[in-house]
Amino acid sequence: MMGMNVNRATQRRGGMMGGHRGGPQSMMKGEKAKDFKNTIKRLLSNLKRYKLKLFVVLILAVSSTAFTIIGPKLLGKATTKLFEGLMAKFSGRGDVDFKYIGNIILFVLTVYLVASLFNLIMGLIMTRISTDITYVFRKDISNKISRIPIKYFDKITHGEVLSRITNDVDTISQTLSQSLTQIITSLVSVIGVLIMMFSISWQMTLVALLILPLSMVFVAFIVKKSQVHFKKQQKILGNINGHVEEMFSGHFVMRAYNNEEKSINKFNKSNDELYNSAWKAQFLSGLMMPMMRFISNVGYVGISILGGWLAVKRIITIGDIQAFTQYINNFTRPIMQISNMSNILQQTAAAAERVYEFLDEEEETPDIENFITLDSVKGHVEFRNINFGYEPGKTIINNFSAVAEPGQKIAIVGPTGAGKTTIVKLLMRFYDLNSGDIFVDGESIKKFSRNSLRKNFGMVLQDAWLNNDTIMENIRFGREGATDQEVKDAAKSAHANHFIHTLPDGYNMLLNEETSNISQGQKQLLTIARAILADPKILILDEATSSIDTRTELLIQSAMDNLMKNRTSFVIAHRLSTIKNADLILVMNNGDIVETGKHNELLEKGGFYADLYYSQFEPEESLC
Ligand SMILES: Nc1ncnc2c1ncn2[C@@H]1O[C@H](COP(=O)(O)OP(=O)(O)O)[C@@H](O)[C@H]1O
Ligand SMILES: [Mg+2]
């Protein structure tokens, strides 16, 4: 994620060439869409809705640019008139025609004003369009996230999805709001200015056109040189950020292993490298502008001499020289912008492609039509011959079958990686089965909508999921609209009440963003309180009490047992002492149920469970 932000920051810094994403960085041949043509096509088809508005923008862009272009020519006329008037005055044969000049100035002023007004309207329309499109994109992505199978997030990091919502959509929006009109105005400018220049003097235009390739070659050279350093700079910056992030998030670990010095050395090394490539990159790109100005100034001198000579020969007027120099000034910028345009388009296509790729991802199999909703689930759960693997061809659960009668407490035990959590995920229908079926109250879970199915489950996981909010609200998350008293009652049942009262702000204490200002065990108590508040028909506790001391755990268990009377619960626990009283214990190993029965039966059997159980009382042996 850090690397991403770096890219973005350097991208934003642009502007060296006048373009909003200019500068050598954006000239880097970096991102490329895999299918440029079709992506752009699709983007355009998304723009179809705004056809009329875009047409208006086009008209406005062309006319405002045209207006801006005739400005210098008109002002040149004024200068010529002034010059002629002055000459006449000196020779005593007339006076300056101030009325004529005043009219021209007034006219030019009006033209410029209208052009600005057009620009304003154009900007307004394009901003609206791009905001609109961005809004729709973000909404689509957000909707998509909830329809995409959980499976997908096994392959992709959350950071990547996040970057699609923020960076990629941003890139598209920037291009729409700025670059699109820029393409039009730049093209019109270049053509218009060229026409005007030729209309003044073809000789001067040729000289001007000679300077241009010269500065182009020069710029290309500098860009190529600085590119190497810019690339290096970005890479090292990414490394440094990654390193710093790691060192911060793993601060305790680093200190615990006395790695400070090593870490500082590593940082210093990267920082030195960064210094080296950064100053070179900055220096080279800083060199560009002055050098270009020098070249164009030399051209200026040439053109002025040539213009002066032509004026003396009465081929052109004084005002024409003035207009011409203004045109040259207006010439290089749009050309730079156009040459930068292909990169911006590539970047945009790459961003759009990533967004489309995400939007095109295969979705969860939709809920069946006419799904059933159960208002009062009894809590009969049956797994019938289920087979499942996260990846095709790699079975994790083999032909698993089990029945939980309503109100029973089912314990699932087994070594790490046995597939206990997987069973729970399948029951909640986070993943779809390869074969077999799961029934709740005799109905296949596929017949429910996912929402109505999950509504019946309360789930408490090992890593407590809490928000950057108050403790009160975090518990209330279990059931919206619960009163404060209900929240407190739930907390009492979860034996969380006591510790909450010892906190500085009690129930109003704000959990920080990493929710690191309360202990792991306290977090688990809060999530248990939340599940109790939700009051589900079926409760799932997946190592929910692993960070809680044994005494509290037993207290919670008894509270739960009371609460879960006549309700089915699935308990996955490491400490087998806490599930002794389960109605049924499923012992899993490598995705198979290897033993089933009650605690005493399993102990008598002296099999896998008995081994597991006794090993917890002989820590030396369980070490291996
Ligand atoms: N999202 C996933 N993608 C691929 N494999 C997974 C995923 N989650 C778990 N597994 C694999 O499935 C097996 C069972 O995992 P799990 O059900 O979490 O075990 P337990 O909860 O019993 O410790 C493990 O081998 C694990 O590596
Ligand atoms: Mg697990």
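So, here's what we can say about the structure. What you see is a predicted model; the values in this text were computed from it and never measured.

**Considerations on the overall build of the protein chain**
Tallying secondary structure elements over the protein chain gives 21 helices and 10 strands in all. Whereas a compact globule of 624 residues would reach a radius of gyration of roughly 25 Å, the protein chain reaches 36 Å, over 25% beyond that. Dimensions of the protein chain, computed from C-alpha atoms along their principal axes, come out at roughly 125 × 60 × 55 Å. The buried share among the 624 residues of the protein chain stands at 32%. Contacts spanning at least 24 positions in sequence make up 77% of the contacts within the protein chain whose residues lie at least 6 apart.

**Regarding the site of ligand 1**
Lining the immediate surroundings of ligand 1 are Asp154, Tyr390, Ile396, Gly414, Thr416, Gly417, Ala418, Gly419, Lys420, Thr421 and Thr422. Per-element accounting of the shell around ligand 1 gives the leading share, three residues, to helix H12 (residues 420-427). Tallied by class, the residues present in the shell around ligand 1 amount to three nonpolar, six polar and two charged.

**Considerations on unusual backbone geometry**
In this structure, Asn258 is a non-glycine residue whose phi angle is positive, near 55°. Relative to the elements of secondary structure, Asn258 occurs in the loop between helix H9 (251-256) and helix H10 (260-312). Its 8 C-beta neighbours within 10 Å are what place Asn258 among the exposed residues. Phi at Glu543 takes a positive value of approximately 50°, unusual for a residue other than glycine. Structurally, Glu543 is set in the loop between strand E7 (538-542) and helix H18 (550-563).

**Quick look at the pairing of strand E10 (residues 592-597)**
One ladder, built from five bridges, connects strand E9 (residues 584-589) with E10; its direction is antiparallel. Within E10, the position partnered with Leu586 by the bridge is Thr596. Two successive antiparallel strands, E9 and E10, enclose a turn made up of two residues, where Asn590 displays a positive phi of approximately 50°.

Procedures and definitions
- Residues numbered from 1 in each chain as written.
- Chains lettered and ligands numbered in written order.
- Predicted model: local features only at pLDDT ≥ 70, side-chain atom pairs only at ≥ 80, totals over all residues.
- Helix = DSSP H or I, 4+ residues; strand = E, 2+ residues; numbered from the N terminus.
- Rg over C-alpha atoms; globule rule 2.2 N^0.38 Å.
- Buried ≥ 20, exposed ≤ 12 C-beta atoms within 10 Å, placed from the backbone.
- Contact = placed C-beta atoms within 7 Å.
- Near = placed C-beta within 6 Å.
- Nonpolar A, V, L, I, M, F, W, Y, C, P; charged D, E, K, R; others polar.
- Pairing = 2+ DSSP bridges.

Taken by themselves, the reported measurements are silent on function.
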